[in-house]
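This is what each chain is made of:
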Amino acid sequence: GNSVTQMEGPVTLSEEAFLTINCTYTATGYPSLFWYVQYPGEGLQLLLKATKADDKGSNKGFEATYRKETTSFHLEKGSVQVSDSAVYFCALSRSSNTGKLIFGQGTTLQVKP
Amino acid sequence: DTGVSQDPRHKITKRGQNVTFRCDPISEHNRLYWYRQTLGQGPEFLTYFQNEAQLEKSRLLSDRFSAERPKGSFSTLEIQRTEQGDSAMYLCASSLATGNHNEQFFGPGTRLTVL
């Protein structure tokens, strides 16, 4: 079946450090891939997306590239800030008919000043 | 538009009671989704509406769960005879289906605690 696996957290970094959160997926065909972020006390927000192989999604300094050959969609940021502290979810959407999302378990990022 | 809203934000109930949650999507969105999120896990899909039609239900959705979207606008999720295992965050999301991709906008969730 379709599934998403994320690296386990929590991830603790100092401000301005480089961030990578790994995400791999299992799916038939060509899913769309997403990163959602959940800040403390807030709802899920779409951070970035990629809809086909080799696409790079980017937003707020975060990037992720859709790698079909490695079935991965790793999230990166060159210099994290304290305000990036949140839970990050990788997700896929396999069916263009329903668009339902299949999420990974989430990775907590804590950035210390 | 203020985004997706959910009511109530928190619900505490005793085992065996019925509860109902409401979701108001973004007004022009024709798709509406319900997800359930337990502590330390990602959201899990429960059910999906396109306009007023419920087109897909997860196997997670037992017979005690029912969802409606009577006029293609707001939706309700009812849980009958609640069990402690129903304790979770219930999330609603909406989207406007265009082409092969639709961005889902999530509400703040309803946190259910079953005692």
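Let us look at the structure shown here.

Criteria and thresholds
- Residues numbered from 1 in each chain as written.
- Chains lettered and ligands numbered in written order.
- Predicted model: local features only at pLDDT ≥ 70, side-chain atom pairs only at ≥ 80, totals over all residues.
- Heavy atoms only, no water.
- Buried < 20%, exposed > 50% of the residue type's maximum accessible area, 1.4 Å probe, protein only.
- Helix = DSSP H or I, 4+ residues; strand = E, 2+ residues; numbered from the N terminus.
- Pairing = 2+ DSSP bridges.
- Disulfide = S-S within 2.5 Å.

Here is the key point about a regular strand: its side chains alternate between the two faces of the sheet. Residue and element names in this part refer to chain B. Residues of strand β11 (residues 110–114) alternate between two faces, with T110, L112 and V114 buried on one and R111 and T113 left unburied on the opposite face. As paired elements, strand β2 (residues 10–13) and β11 share four bridges and run parallel to each other. Counted as the bridge partner of I12 is T113 from β11.

All names here are of chain A. Burial along strand β2 (residues 11–14) is one-sided: V11 and L13 are buried, and none of T12 and S14, which face the opposite way, are. In this sheet, strand β12 (residues 107–112) lies alongside β2 in parallel orientation, the contact comprising four bridges. What sits directly across from L13, in β12, is V111.

Two cysteines whose sulfur atoms are joined by a covalent bond form what is called a disulfide. With the rule as written, the count across this model stands at two disulfides over all chains. What pairs with A:C23 in a disulfide is A:C90, and their sulfur atoms sit 2.0 Å apart. Taking the torsion about the sulfur-sulfur bond, which here is approximately -70 degrees, the covalent link between A:C23 and A:C90 counts as left-handed. Of this pair, A:C23 sits in strand β4 (residues 23–26) while A:C90 is found in strand β10 (residues 86–93), placing the two residues 67 residues apart along the sequence. Taken as a pair, A:C23 and A:C90 share a single burial class, namely buried. Between the sulfur of B:C23 and that of B:C92 lies a disulfide, 1.9 Å long from S to S. Taking the sign of the S-S torsion, -65 degrees for the link of B:C23 and B:C92, the bridge is left-handed. Linking B:C23 in strand β3 (residues 19–24) with B:C92 in strand β9 (residues 88–95), this pair joins segments that are 69 residues apart in sequence. By relative accessible area, B:C92 is classed as buried at 0%.

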